[in-house]
Amino acid sequence: MKQLRIVSLVFCVCVLAGGLSESTVQAEEFYAGKTITCIVPYPPGGGTDTFFRTMVPYWQKHIPGKPEMIIKNMAGAGGMTANNFVYEKAKPDGLTVLTAPWLSMAQITKQPGARVKYDEMVLIGGQTEGKVIYISNKVVPNGVADLKNVKMIKMGGLRASSNMDIRNLLSLEMLGIQIKHITGYRGGAKAVAALMRGDLDMFASNYSSWKATWEKSVQGEGLGKAVWYQSAFDKSGNQISFDAIEKDGIPRYEVVYEMLKGKKPAGEKWEAYKWFMNVSMLFALSAWLPPNSPDAAAQALRTGWYKLSDDEEFQAASVKRFGARTILPPYELCQGVVNNYVGNPDPKMVKYFKDFIAKYSK
Amino acid sequence: MEYISAFLEGLTLVFQWPAIGYLFLGVFIGIWLGAIPGVGGFTGLVLLLPFTYTMEPVPAFALLLGMFAVTSTSDTIASVLLGIPGTAASQATILDGNPLARQGKASKAFGAAFTVSAFGGVFGGLLMAASLPIVRPFLLKFGEPEFFMLTVWGLTMVGSLSGRSILKGIVLCCFGVWTATIGYAEHDAVPRYYFGVEYLLNHLPIVACILGLFAIPEMLDITVKERNISDVPKDQSNATMLDGIKEAFRNWWLAIRCAAIGVYVGMMPGLGQSVVDWAAYGHAIQSTKDKGKFGLGDIRGVIAPEAANNAHRGGALMPTITFGIPGDAMMAVVLGALMIQGLRPGPDMLTDHLDITFSLVWTLIIANIIAAVAMMIWSRQLSKLAFINGMMIVPVVLLFIMMGTWLGTQTFGDWIVMLIFGVIGYMMKASGWARPPLVIAFVLGPIMENSFLISNRMVDNFAWMLRPVCLILLVMVILTIVLSVRGVINRRKDIDLDVEVGEGLTHNPIFSFYVSMFMLVVFIAAGIVALTFPTYSAKQFPLITCSLGTVLTLYLCWKDIQLIKSELYSQKTDLAEYSHRCAEKAMFRVSSRFIGMMVLAVALGYFFGMKVVVPALMAAYSHFWGKFSWKVTLVFTVIGFCVIHFFYDKLMHFVLLESAVLRWLGF
């Protein structure tokens, strides 16, 4: 009997070892001699496109089998066309990868045209960065403390349902500042020009855009200043800090809130804000395979993706082009967001944000 | 002094190796990309950008800007020879360039176009260099209210571009602005005219609309009339390139004015290259006394847009470099390239990196000169294309129409839009509705709506209208309207009523009535749908355009009916016979077959993919319409397949339409 147990144990170990080594070999060999097509859902030249065109040559080197990688742009419907394409039509053979900001709120609030279901897709990994909010010097000549006396702010945005607008509207609402919400600004360029002219008081950008362009022409020219930055929240409910942004002397939003209001933020709006920040900012840019793609493909791509964190050559390129190192949050954290927030969204929050969007759409 | 020494330092940098080599390479690539309809500088920038990652800034920009600067020189080829805009910047060139080619004067058109292109490029570069230190306050004067007034001013140009009927021009403006409202409202979370079709969440792509409006009717015309590009035999054509160069010098003042328009339109972020040629063309008509020949092959109609579109490049670089504000998609790529090189747009480019900034200026200047010389040499051969059998050209052009359209958003909807606008374009051409007002309104519509809504949200009670620049522009709008109305009245006297070859000059009341009815139905239906939009701002523009369009179109329908009645009386015929004559004049039966072939090709494209269907379309055309041998047909088919497979797929990495049948079968 004992002999039988030992034989069984040895057999199981062999099977497991065989399986594991087979899986490793599969991941090693899966992409050898193959070509991966990365689908970027926006036209060439924009922030997303530039990021992935910078990243992909380095990512390629770290994927076992060193496949060829090409980038194709499939713009349309605010990124929805490419997302739907990879979800519905792309073959699950590991050779088509969606490289894009994920449109989590589009799925949660069932926006028109959003058929993609991220909880059915295969997540490879995510990237995150802070969002910098800057305000005209006419409004805050001496610094962010001036906001105590500000009654109303002319805030630039795209439309009430855009992630950027929701984040900024909520931030200002919590500070008790009246908002004149001026929508219709496609991208930062025209909005920043309006801020320079004095037609707008406030706008927001990714930290990389801020560093690459606006820091010099807005702050450097004395037209405005960065007042806070937004980021997601950790398990303890504290806003995640980014060293590079802190070094520039830009405080976190919760710090600014405490300074202006004299107390820590709390309440229904704050909980909604935190929920929203985690949905939209725990990770933003990301890579996905179509549903039912092979595990070996996902494993190989993920291995390459996360090796980028320690690839100093890539990080140096990132600092040169985007002003900061690229931060890739752990896979488990990103998958957790997909499962908990999008796959199974809190109905109260969904209703809250539908009402919120409706309020500002009037 | 420091400024001048940096200016000269910039020149030295460009002439250093390898920068000068890359500059030549960029120019060579740019000439080819500009010559292929639908491809253009944007694609070129995206294609070349990855190669610059490891290069030094000056060689990198010599390659990128060398290519970018000259696509608006070589795009003239398609505009003149084929009547198809090579890029969005050469739409207006077709109005007089193509009639010149049909008169056997393509060489003259090329001579004038390339001379003023070089001049425009050099002028744009120099004006950019001179304006850099002072451009900032000027740009800051133009906010959303000023942009709105600029677009209104732009729309007043339709008065000069409407052919015989200014009323039809206004109706087309309404139609163009309404068409531009399809898709997500920029300012609201409201998809307009969406009907559950994902494609309609976007604005309609301009390339598909323009190729449909202009290219399909032109190919159809060559096909049904079985003509060459030139209506005049080669031995009777005595116009030379030198004639064109002389004309360019004779019209130097017009070229300077239009180049200045090009620079200043380029400087306005958001207006883009689609507007610049129309602005210059409109100015050329408005500022000349003898307007009668415009649209019929007036060389000034070539000089004006070609001087402007090359000068535009220098203007467009200014806000990108000085503020980091890209004016259009191409400038967004250039901005990306600056960032990749570690250069920060803004004041640094005018202080720490002034030599590099001037190297960009010199790159533009030198590239334009090289391209003009190269094009003059090359176009000696190209001009001969005007005299060969038109049927030989159409299959190749069909390839570029299909692929150029596809590049809009790289979705199947682009082909459908191209077909719809192709039918509209044919009907308009056959019935005396000028197409330029529709294009201008379509291009300006989204800018106009967005600027208007932002202005209203920014300042209450239309107080923004009182801003100084707005008031100046308002005066210019009024002046332009007065001049346009006077010009139309004068032009009526100049125009020979028997001449029907120009835009909006064809006389065909029955077809005109069909177009009016189509517009009426669209306006009424679109107006009713607009009432269901949930927000006031989303429904505002569609309702205004549809209401105005409905009233004016009703009047046009009534006018068409009166005209038909009088024709029936004067020709002593009945309606059936008269309709038959009008259909024959429009070559309706043959045209329907051609359009049917295109519809079939698009439908089959869905099932069998573009790599099969586009070469098959070329084969079908060359065999059944061109009546060429199977060997020639095979050559066309192989060319079609190779261009799609190697150029569009393997080199450019575009997303191509794959076969639905193969997908269903699991391949």
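Rules used in this analysis
- Residues numbered from 1 in each chain as written.
- Chains lettered and ligands numbered in written order.
- Predicted model: local features only at pLDDT ≥ 70, side-chain atom pairs only at ≥ 80, totals over all residues.
- Heavy atoms only, no water.
- Helix = DSSP H or I, 4+ residues; strand = E, 2+ residues; numbered from the N terminus.
- Rg over C-alpha atoms; globule rule 2.2 N^0.38 Å.
- Contact = heavy atoms within 4.5 Å.
- Lys, Arg positive; Asp, Glu negative; His and termini not counted.
- Charge placed at Lys NZ, Arg CZ, Asp CG, Glu CD.
- Axes fitted to C-alpha atoms, helices over the stretch in contact; angles between N-to-C directions.
- Parallel < 35°, antiparallel > 145°, perpendicular 65-115°, else oblique.
- Nonpolar A, V, L, I, M, F, W, Y, C, P; charged D, E, K, R; others polar.
- Pairing = 2+ DSSP bridges.
- Left-handed = near helix turned anticlockwise from the far one by under 90°.
- Core = buried A, V, L, I, M, F, W, Y, C linked by side-chain atoms within 4.5 Å.
- Buried < 20%, exposed > 50% of the residue type's maximum accessible area, 1.4 Å probe, protein only.
- Patch = residues over 30% accessible without salt bridge, like charges linked within 9 Å, V, L, I, M, F, W, Y side chains within 5 Å.
- Areas by Shrake-Rupley, 256 points an atom, 1.4 Å probe, with all protein chains shown as cover.
- Salt bridge = Lys/Arg side-chain N within 4 Å of Asp/Glu carboxyl O.
- Buried area = accessible area lost by both parts, 1.4 Å probe.
- Polar contact = N/O pair within 3.5 Å; in protein donor to acceptor, adjacent residues only side chain to side chain.
- Expected span 1.5 Å × (residues − 1).
- Phe/Tyr/Trp six-rings, centres within 6.5 Å; stacked < 30°, edge-to-face > 60°.

K.L.:
Got a sec to walk through the overall build of chain A? Specific residues and values, please.
P.N.:
Across its full length, chain A holds 14 helices and 10 strands. A globule of 362 residues ought to have a C-alpha radius of gyration of about 21 Å, and chain A, at 23 Å, matches this closely. Dimensions along the principal axes, computed over C-alpha positions, put chain A at roughly 80 × 45 × 40 Å. For chain A, the share of sequence-separated contacts (at least 6 apart) that also reach a separation of at least 24 residues comes to 77%. Side chains of chain A give 44 positive and 33 negative charges; the mean places of these two sets differ by 5 Å.

K.L.:
Just give me the short version of the packing of helix 10 (residues 268-281) of chain A against helix 14 (residues 347-361) of chain A, but keep the residues and values in it.
P.N.:
Residues and elements named next belong to chain A. One way to put it is that helix 10 packs onto helix 14 with a least axis distance of 11 Å and a crossing angle of 100°. Between helix 10 and helix 14, the angle falls in the class roughly perpendicular. Of the residues in helix 14, those touching helix 10 at Glu 268, Lys 269, Glu 271, Ala 272, Trp 275 and Phe 276 are Met 349, Tyr 352 and Phe 353. Its residues placed into classes, the contact of helix 10 with helix 14 shows 6 nonpolar, no polar and 3 charged.

K.L.:
Tell me about the sheet that holds strand 3 (residues 96-101) of chain A, and please be specific about residues and values.
P.N.:
Residues and elements named next belong to chain A. Pairing within the open sheet is mixed, and its 5 strands lie in the order 2-1-3-10-4. Edge positions in the sheet fall to strand 2 (68-73) and strand 4 (122-126), since each of these pairs with one other strand and no more. Averaged over all pairs of adjacent strands, the angle between their axes in this sheet comes to 25°, without regard to strand direction. Where strand 3 and strand 10 (residues 285-289) come together, 4 bridges link them in antiparallel fashion. Counted as the bridge partner of Pro 101 is Leu 285 from strand 10. On top of the sheet, helix 2 (residues 47-62) reaches strand 1 (35-40), strand 2, strand 3, strand 4 and strand 10; it is set at about 170° to strand 2, its chief contact.

K.L.:
So what's going on with the packing of helix 25 (residues 588-608) of chain B against helix 26 (residues 610-625) of chain B? Which residues, and what values?
P.N.:
All names here are of chain B. The N-to-C vectors of helix 25 and helix 26 enclose an angle of 155°; their axes lie 8 Å apart at closest approach. What the angle tells us is that helix 25 and helix 26 run roughly antiparallel. As helix 25 packs across helix 26, the resulting crossing turns out to be right-handed. Across from Val 590, Arg 593, Phe 594, Met 597, Met 598, Ala 601, Leu 604, Gly 605 and Phe 608 in helix 25, the residues of helix 26 making contact are Met 610, Val 612, Val 613, Leu 617, Tyr 621 and Trp 625. For the contact of helix 25 with helix 26, the residue count by class is 13 nonpolar, 1 polar and 1 charged.

K.L.:
Provide a residue-level description of the nonpolar core, including the pertinent values.
P.N.:
Grouped together as the largest cluster of nonpolar side chains are 334 residues, with contacts concentrated most on Leu147(A), Ile153(A), Trp228(A), Phe353(A) and Tyr648(B). Considering each element in turn, this core owes the most residues, 15 residues, to helix 17 (residues 354-382) of chain B.

K.L.:
Got a sec to walk through the environment of Met67(B)? Specific residues and values, please.
P.N.:
Residue and element names in this part refer to chain B. Structurally, Met 67 is set in helix 4 (residues 57-74). A residue is classified by how much of its surface remains accessible, and Met 67, at 0% relative accessible area, is buried. As a C-alpha pair, Met 67 and Ser 512 span 445 residues in sequence and 43 Å in three-dimensional space. Ignoring sequence-local partners within four residues, the contact set of Met 67 consists of Gly 26, Val 27, Ile 29, Gly 30, Leu 33, Gly 41, Gly 44, Leu 45 and Leu 48.

K.L.:
Can you tell me about a nonpolar patch on the surface, naming the residues and giving the values?
P.N.:
Residues and elements named next belong to chain B. Taken together, Leu 600, Leu 604, Tyr 606, Phe 607, Phe 608, Val 612 and Trp 664 make up a surface patch of nonpolar side chains, about 700 Å² in accessible area. Of all the elements, helix 25 adds the most residues to the nonpolar patch, at 5 residues. Structurally, the position occupied by Tyr 606 is in helix 25. Tyr 606 sits in the partly exposed class, given a relative accessible area of 36%.

K.L.:
Account for the interface of chain A and chain B, naming residues and giving values.
P.N.:
Chain A puts 53 residues into the contact, and the matching count from chain B is 53 residues. Interface of chain A and chain B: buried area, both sides summed, is about 4,800 Å²; carbon and sulfur atoms make up 55% of it. Between Lys72(A) and Asp649(B) there is a salt bridge, with its nearest N and O atoms 3.9 Å apart. Taken together, chain A and chain B are joined by 10 residue pairs in polar contact (both at pLDDT 80 or more).

K.L.:
Requested: an account of the environment of Ile544(B), with residues and values cited.
P.N.:
All names here are of chain B. Tracing the backbone shows Ile 544 in helix 23 (residues 536-571). Taking relative accessible area as the criterion, Ile 544 reaches 49% and is therefore assigned partly exposed. Put simply, Ile 544 and Cys 470 are 74 residues apart on the chain and 22 Å apart in space, counted from C-alpha to C-alpha.

K.L.:
Go over helix 13 (residues 252-267) of chain B with me, naming the residues and quoting the values.
P.N.:
Residues and elements named next belong to chain B. The end-to-end C-alpha separation of helix 13 is 23 Å, in line with the 22 Å expected for 16 residues at 1.5 Å each. For helix 13, the complete set of buried residues consists of Leu 254, Ala 255, Arg 257, Cys 258, Ala 259, Gly 262, Val 263, Val 265, Gly 266 and Met 267. Close packing links the buried residues of helix 13 with helix 7 (106-131), helix 8 (135-140), helix 14 (273-286) and helix 15 (300-322).

K.L.:
Just give me the short version of the packing of aromatic side chains, but keep the residues and values in it.
P.N.:
Residues and elements named next belong to chain A. Under the definition given, this model contains 58 aromatic pairs over all chains. Here Trp 275 and Phe 353 contribute two aromatic rings whose centre-to-centre distance is 5.7 Å and whose plane-to-plane angle is 20°, an arrangement assigned as stacked. One end of the pair, Trp 275, is in helix 10; the other, Phe 353, is in helix 14, with 78 residues separating them in the sequence. Classification of Trp 275 by relative accessible area gives buried; the value is 9%. Of the residues examined, Phe 353 reaches a relative accessible area of 0% and is grouped as buried. Consider the rings of Phe 276 and Phe 353, whose centres lie 5.0 Å apart with planes at 35°: the pair is tilted.

K.L.:
Lay out the pairing of strand 5 (residues 131-136) of chain A in plain terms, naming residues and giving numbers.
P.N.:
All names here are of chain A. Burial within strand 5 is extensive, with 6 of its 6 residues counted as buried. Where strand 5 lies against strand 8 (residues 202-206), 5 bridges are found, and the strand directions are antiparallel. Bridge pairing in strand 8 links Lys 131 to Asn 206. In terms of strand pairing, strand 5 meets strand 9 (residues 224-230) through 6 bridges, oriented antiparallel. Each bridged residue has a counterpart across the sheet, and for Tyr 134 the counterpart in strand 9 is Ala 226.

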